[in-house]
Amino acid sequence: MTRVMVIGNAGGGKSTLGRAVQATYDLPLLEVDRIQWQPGWHPAPENEVRATLADWQARERWIIDGYGPWEQVEARMAVCDTIIFVDHPFHIHLWWATKRQIKSLFAPRPDGPPDCPMWRMTFRLYAMMWRLHRNTRPMLIQLIQSRPTVARLIHITSPTQLNAFLANPV
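Calculation criteria
- Counting restarts for each chain: residues are numbered from 1 in the order of the written sequence.
- Only residues with pLDDT of 70 or above have their local features reported here, since the model is predicted, and side-chain atom pairs are shown and tallied only from 80 upward, although totals for entire chains, interfaces and linings are computed over all residues.
- Hydrogens and water molecules were not included; the side-chain quantities draw on all heavy atoms of the structure.
- Helix and strand assignments come from DSSP, with helices taken as H or I runs of at least 4 residues and strands as E runs of at least 2, each series counted from the N terminus.
- Values of the radius of gyration come from C-alpha atoms, whereas the globule rule sets the reference at 2.2 Å times the count of residues to the power 0.38.
- The contact definition used throughout considers only heavy atoms, calling two residues in contact when any of these lie within 4.5 Å.
- Positive residues here are Lys and Arg, negative ones are Asp and Glu, while His and the chain termini are left out of the count.
- Here the site of a charge means atom NZ of a Lys, CZ of an Arg, CG of an Asp or CD of a Glu.
- Both site types are read off a 1 Å grid over the protein atoms alone. A 1.4 Å probe that fits but cannot get out defines a cavity, while an open set with protein on both sides within 12 Å along at least five of seven lines defines a pocket; lining residues have an atom within 4 Å of a point.
- Grid points are joined across faces, edges and corners, and a volume is the space filled by probe spheres set on the points.
- Just so you know the grouping, Ala, Val, Leu, Ile, Met, Phe, Trp, Tyr, Cys and Pro go in nonpolar, Asp, Glu, Lys and Arg go in charged, and all remaining residues, Gly too, go in polar.
- For every residue, the accessible area obtained with a 1.4 Å probe (protein chains only) is divided by the maximum for its type, and the residue is called buried under 20%, exposed over 50%, and partly exposed between those limits.
- Directions from the helix axis toward the C-beta atoms define the arc.

S.K.: How would you sum up the overall build of the protein? Please name residues and give values.
M.R.: The helix and strand tally for the protein stands at 7 helices and 7 strands. In sequence order, the protein lays out its α and β elements as β-α-β-α-β-β-α-β-α-β-α-α-β-α. Computed over its C-alpha atoms, the radius of gyration of the protein comes to 15 Å, within 12% of the 15 Å expected for a compact globule of 170 residues. Partitioning the contacts of the protein with sequence separation of at least 6, the portion at a separation of at least 24 is 75%. Positive and negative side-chain charges in the protein, numbering 19 and 14 respectively, have mean positions lying 7 Å apart.

S.K.: Which residues make up the layout of surface pockets, and what values do they have?
M.R.: Volume-wise, the largest pocket comes out at about 1300 Å³. For the largest pocket, the lining is made up of 45 residues, of which Ala-10, Asp-33, Arg-100, Arg-109 and Leu-125 are closest to its centre. Elements with a contribution of two residues or more to the lining of the largest pocket: helix H1 (14-25), helix H2 (32-36), helix H5 (90-103) and helix H6 (122-145). The biggest single contributor to the lining of the largest pocket is H6, with 8 residues. Looking at the lining of the largest pocket, its residues break down into 19 nonpolar, 14 polar and 12 charged.

S.K.: I'd like a description of helix H4 (residues 70-79), backed by residues and values.
M.R.: Among the residues of H4, those classed as buried are Gln-72, Val-73, Arg-76 and Met-77. Buried residues of H4, viewed axially, fall in a sector of 135°; they line one side. Structurally, H4 contributes buried residues whose contacts are with strand E1 (3-8), H2, helix H3 (46-58), strand E5 (62-65), strand E6 (82-86) and H6.

S.K.: How would you summarise unusual backbone geometry if you had to cite specific residues and measurements?
M.R.: Residue Asp-26 is not a glycine yet carries a positive backbone phi of 55°. In this structure, Asp-26 sits in the loop between H1 and strand E2 (29-31). At Trp-41, a position not held by glycine, the phi torsion is positive, near 65°. Relative to the elements of secondary structure, Trp-41 occurs in the loop between strand E3 (37-38) and strand E4 (42-43). Of the residues examined, Trp-41 reaches a relative accessible area of 11% and is grouped as buried.

Set out below in structure tokens:
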């Protein structure tokens, strides 16, 4: 693995998974949320996000965790050698995201965007998660199926599969 795309809905364990792959393969972990949001949940300028993602994707080695603009997802998929698609049932994503939101009341999320308190975005998060599940997930599945040349697809569909992968991320 040298170019790893970690993608899926919120609350599914993508960041934890990305850190496990990073530790195993000594790859830089690049998180889309950190460049999409400025302090206070203000969206970063889209041209800056696109430029940063293009720069990341041009590198020789990376793990990119997250979505970003759809064209960037397509471009990333065209150059990655591994896709890790975290695709639990929607209720699992929702429950885990809710637990993360509650925890954020007591301690800031270490892998979240800087100076972006999580709790006040809870209902916007739920709406975004539903849109991703209903609209973007089918597009992502179609895109994955259209790229049979990807060297490796890891499709994680349950917490059991996630835990097995985290125990041995090879």
